[in-house]
Amino acid sequence: MELKDRVALVTGGAQGIGRTIAEELAGLGAHVVLADINGEGAESAAEKIRAAGQKASGVRLDVSCAQDVQSVFDGIIKEHKPLDILVNNAGITRDGLMIRMKEDDWNRVLDINLKGSFLCAQQAAKQMMKQKKGAIVNIASIVGVMGNFGQANYSASKAGVIGLTKTLAREVASRGITVNAVAPGFIDTEMTRVLDEGVRQKLIEQIPLARLGEPEDIARSVAFLVSDRASYITGQVINVNGGMLM
């Protein structure tokens, strides 16, 4: 119960990696607020966590809307207390070759993945600076480091998340706040399950550990970074990719 009595916000918490992270933090004693554009999905996921005897609540949040973000963060203070942990996980893809990519697809991915991380981290930092403690983890991606065919917008957004992480880490370190990123490789989620089996197999052949990652692999890395065991780690990108990128 090393996170007992801490309040954590996980964006994109209704499903996939975000939901698994929320479950992991709740299992360690945190009261987790699951935020998602799918508010009903977030509350449904929170209900299952509560059914396991842990603390969770769900809320609708469009991370690209500053007013939405402000409202959710104000609500956390009102209902609980200032935030202790933020996990910026919300993200989308709109894949396509760059020369054919629609401007709307570029803008939407950057708005959710990068602007959303900025808006949430900004509000979290304001709360955490007052209490002189806190941990922020941004979910980046392997493609933000190495690029990927057909994902100019997604790769750019995740590279931006890494730059945001390192800059904010420098700005808030003196207030006792850590800021790190986790960069997943290819994880076995709904996003990768829709791939053709031949494509999945080719991906696996590029991974030294010879398997796709599990959402739990990411959740455990996040749980470590927000714990007291990682209190001297900040501004880092933890690559969780089975050795695909070294």
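A.B. asks: Lay out a nonpolar patch on the surface in plain terms, naming residues and giving numbers.
C.D. replies: Together, Leu97, Ile99 and Phe149 make up an exposed nonpolar region whose accessible area comes to about 390 Å². Looking at Ile99, the relative accessible area reads 76%, which means it is exposed.

A.B. asks: Break down the side chain of Asn113 for me, citing the residues and quoting the values.
C.D. replies: With respect to the helices, strands and loops of the structure, Asn113 is situated in helix H4 (residues 103-131). Among the polar contacts made by the side chain of Asn113, one reaches the main-chain amide nitrogen of Ile92 at a distance of 2.9 Å. Here Ser157 takes part through its side chain, which lies 3.1 Å from a polar atom of the side chain of Asn113. Excluding its chain neighbours within four sequence positions, the residues that come into contact with Asn113 are Ala90, Gly91, Ile92, Tyr154, Ser157, Lys158 and Val161.

A.B. asks: Account for the nonpolar core, naming residues and giving values.
C.D. replies: Of all hydrophobic cores here, the largest spans 32 residues; its most connected members are Ile21, Leu25, Val32, Leu34, Ile218 and Val222. Elements with a contribution of two residues or more to this core: strand E1 (7-11), helix H1 (16-27), strand E2 (31-36), helix H2 (39-51), strand E4 (85-88), strand E5 (134-139) and helix H9 (215-225). Ignoring anything within four residues of it in the chain, the contact list for Ile218 reads Ile17, Ile21, Ile139, Val182, Pro184, Ile187 and Val240. Counting residues in each nonpolar core, the second largest holds 26 residues, with Val63, Leu119, Leu168 and Ala169 among its members.

A.B. asks: Got a sec to walk through the side chain of His31? Specific residues and values, please.
C.D. replies: By secondary structure assignment, the location of His31 is in strand E2. A distance of 3.5 Å separates polar atoms of two side chains, one belonging to His31 and the other to Ser57. Residues in contact with His31, not counting those within four places in the same chain, are Arg6, Val7, Ala8, Lys55, Ala56, Ser57 and His80.

A.B. asks: Quick one: what's the story with the confidence of the model for the chain, residue by residue and with numbers?
C.D. replies: Per-chain confidence: the chain averages 97 in pLDDT, with 100% of residues scoring 70 or above. Across the chain, E4 holds the top mean pLDDT of 99, while helix H7 (residues 190-193) sits lowest at 76.

A.B. asks: Outline the pattern of salt bridges, listing residues and values.
C.D. replies: One pass over the structure, following the stated rule, counts 10 salt bridges. Residues participating in the shared-partner salt-bridge network are Asp188, Glu197 and Arg200.

A.B. asks: Describe in detail the environment of Ser157, supporting the description with residues and values.
C.D. replies: Checked against the element boundaries, Ser157 lands in helix H6 (residues 152-172). A relative accessible area of 0% means that Ser157 is categorised as buried. For the pair formed by Ser157 and Lys115, sequence separation is 42 residues and the distance between their alpha carbons is 8.7 Å. Setting aside residues no more than four positions away along its own chain, Ser157 makes contact with Val109, Leu110, Asn113 and Leu114. Here Tyr154 takes part through its backbone oxygen, which lies 2.7 Å from a polar atom of the side chain of Ser157.

A.B. asks: Can you tell me about the pairing of E5, naming the residues and giving the values?
C.D. replies: E5 sits mainly inside the fold: 6 of its 6 residues count as buried. Note: E4 against E5, 4 bridges, orientation parallel. Of the residues in E5, the one forming a bridge with Leu86 is Ile136. Sheet analysis places E5 next to strand E6 (residues 177-184), joined by 6 bridges and oriented parallel. Considered in E6, the bridge of Gly134 is made with Ile177.

Definitions and cut-offs
Residues numbered from 1 in each chain as written. Predicted model: local features only at pLDDT ≥ 70, side-chain atom pairs only at ≥ 80, totals over all residues. Heavy atoms only, no water. Patch = residues over 30% accessible without salt bridge, like charges linked within 9 Å, V, L, I, M, F, W, Y side chains within 5 Å. Areas by Shrake-Rupley, 256 points an atom, 1.4 Å probe, with all protein chains shown as cover. Salt bridge = Lys/Arg side-chain N within 4 Å of Asp/Glu carboxyl O. Buried < 20%, exposed > 50% of the residue type's maximum accessible area, 1.4 Å probe, protein only. Helix = DSSP H or I, 4+ residues; strand = E, 2+ residues; numbered from the N terminus. Polar contact = N/O pair within 3.5 Å; in protein donor to acceptor, adjacent residues only side chain to side chain. Contact = heavy atoms within 4.5 Å. Core = buried A, V, L, I, M, F, W, Y, C linked by side-chain atoms within 4.5 Å. pLDDT = per-residue confidence, 0-100. Pairing = 2+ DSSP bridges.

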